Amino acid sequence: MGYWKVIRLGNRLLSRLGICAAGALTMLNFGPAATMAVTMGVSLAVYAVAFGWKFAAGFVFLLLIHELGHLFAARVVGVRSSVPVFVPFVGAVISLRQAPLNAKMEANIAIGGPATGTLSVFLCLVFYLWSDNVLMLVLAYTACILNLFNLIPCTPLDGGKIAAAISPHLWWVGSIAIGILFFYTNNLFILIIFLFSLFRLWPGDKNNQNDRYYQLGIGQRIKVALWYFGLLTILGIAALYLASLLP
């Protein structure tokens, strides 16, 4: 029992040190490409200490693919954004240089990450089937879980931004789901997400629905819903299949 407490304490210390290091680096006067490269390097080093360099390299690659999906989607809808910035044990983020015009545009950008993340699942699976390399199988499963987690419909996850274009009522489902997840994991990061989700719910989803930003046509909502529930279905089935292959 004491052994696991030490491991949990070590993980918390590593995560906090990683966040501080990445934050300090991004505050320096680096160019966009250098900022991405430096924060990637910091994340890679921290993950390598915790999980080994092979898995660390694959995991950082999965995060990069996910964020490039957001970046590409933002370009498609005409919104300028920053390059991805990596934060150990948090993931990676891009920041938008201008606000989306409505919830549909924001949802399109949010969908880009899980969509390319889903492609990375099948890319890793193909490499596993071709090479029999168990690491590729683990990375494929990791990509499934990573993107499924991001699709939980609560702020600040991608799912919360997507759900807003379907119905803000889904935020209640997301908050309950993330709360249950925290109950079973006792993970500090999940607790922070849970608190953020409650803060978003505080004004009430009725107020959000009356906001012009969220007033979309039924056709727009259906398109977003098809993407959202389609990705959930594909990733869910893939996760069950990959779990059955894991040794």
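Residues numbered from 1 in each chain as written. Predicted model: local features only at pLDDT ≥ 70, side-chain atom pairs only at ≥ 80, totals over all residues. Heavy atoms only, no water.

Draft legend 1. Summary view of the overall build of the chain. Across its full length, the chain holds 10 helices and 2 strands. Along the chain, helices and strands appear, N-terminal first, in the series α-α-α-β-β-α-α-α-α-α-α-α. By the burial criterion, 43% of the 247 residues in the chain qualify as buried. Surface accessibility of the chain: about 13600 Å² in total, with carbon and sulfur atoms responsible for 72%. (Helix = DSSP H or I, 4+ residues; strand = E, 2+ residues; numbered from the N terminus. Buried < 20%, exposed > 50% of the residue type's maximum accessible area, 1.4 Å probe, protein only. Areas by Shrake-Rupley, 256 points an atom, 1.4 Å probe, with all protein chains shown as cover.)

Draft legend 2. Examining the packing of helix H3 (residues 53-76) against helix H4 (residues 103-131) more closely. Interaxial distance between H3 and H4 falls to 7 Å at its minimum, and their mutual angle equals 140°. Between H3 and H4, the angle falls in the class oblique. Crossing of H3 over H4 shows right-handed handedness. Between H3, through Phe 61, Leu 62, Ile 65, His 66, Gly 69, His 70, Ala 73 and Ala 74, and H4, the contact on the second element is made entirely by Asn 108, Ile 109, Ala 110, Gly 112, Gly 113, Pro 114, Thr 116, Gly 117, Ser 120, Leu 123 and Cys 124. Of the residues contributing to the contact of H3 with H4, the split by class is 10 nonpolar, 9 polar and no charged. (Axes fitted to C-alpha atoms, helices over the stretch in contact; angles between N-to-C directions. Parallel < 35°, antiparallel > 145°, perpendicular 65-115°, else oblique. Left-handed = near helix turned anticlockwise from the far one by under 90°. Contact = heavy atoms within 4.5 Å. Nonpolar A, V, L, I, M, F, W, Y, C, P; charged D, E, K, R; others polar.)

Draft legend 3. Inspection of the nonpolar core at higher detail. Val 121, Cys 144, Ile 162, Ile 166, Val 224 and Leu 242 are the most contacted members of the largest nonpolar core, which totals 44 residues. Among the elements of the structure, H3, H4, helix H5 (134-150), helix H6 (158-166), helix H7 (170-185) and helix H10 (218-245) are those that each provide at least two residues to this core. Every residue in contact with Cys 144, bar those within four places of it in the chain, is listed here: Val 121, Leu 235, Ala 238, Ala 239 and Leu 242. Counting 7 residues, the second-largest nonpolar core is a separate cluster that includes Ile 152, Leu 157, Ile 190 and Ile 193. (Core = buried A, V, L, I, M, F, W, Y, C linked by side-chain atoms within 4.5 Å.)

Draft legend 4. Seen up close, the packing of aromatic side chains. The tally for this structure, following the rule as stated, stands at 8 aromatic pairs. The interplanar angle of 65° and the centroid separation of 6.3 Å between the aromatic rings of Phe 127 and Trp 130 together place this pair among those described as edge-to-face. Of this pair, Phe 127 and Trp 130 both sit in helix H4, 3 residues apart, which is roughly one turn of that helix. Accessibility expressed as a relative area gives 70% for Trp 130, which makes it exposed. Taken together, Tyr 47, Phe 51, Phe 55 and Phe 59 form an aromatic cluster joined through their ring pairs. (Phe/Tyr/Trp six-rings, centres within 6.5 Å; stacked < 30°, edge-to-face > 60°.)

Draft legend 5. Focus on the side chain of His 70. Tracing the backbone shows His 70 in helix H3. There is a polar contact of 3.2 Å between the side chain of His 70 and the side chain of His 66. Aside from chain neighbours lying at most four places away, what touches His 70 is Ile 94, Ile 109, Ala 110, Gly 112, Gly 113, Pro 114 and Asp 158. (Polar contact = N/O pair within 3.5 Å; in protein donor to acceptor, adjacent residues only side chain to side chain.)

Draft legend 6. Quick look at the side chain of Ser 81. Among the structural elements, Ser 81 can be located in the loop between H3 and strand E1 (85-87). The residues contacting Ser 81, other than those within four sequence positions of it, are Leu 71, Ala 74, Ile 94, Ser 95, Leu 96 and Arg 97.

Draft legend 7. Quick look at unusual backbone geometry. The step from Thr 155 to Pro 156 runs through a cis peptide bond, and the omega angle for that step is 5°. Note on placement: Pro 156 falls in the loop between H5 and H6. Unlike most non-glycine residues, Asp 132 shows phi in positive territory, near 65°. As for its placement among the helices and strands, Asp 132 is situated in the loop between H4 and H5. Its identity as a non-glycine residue notwithstanding, Asn 186 has a phi of 55°, on the positive side. Relative to the elements of secondary structure, Asn 186 occurs in the loop between H7 and helix H8 (188-201). Under the relative-accessibility criterion, Asn 186 is labelled exposed at 53%.

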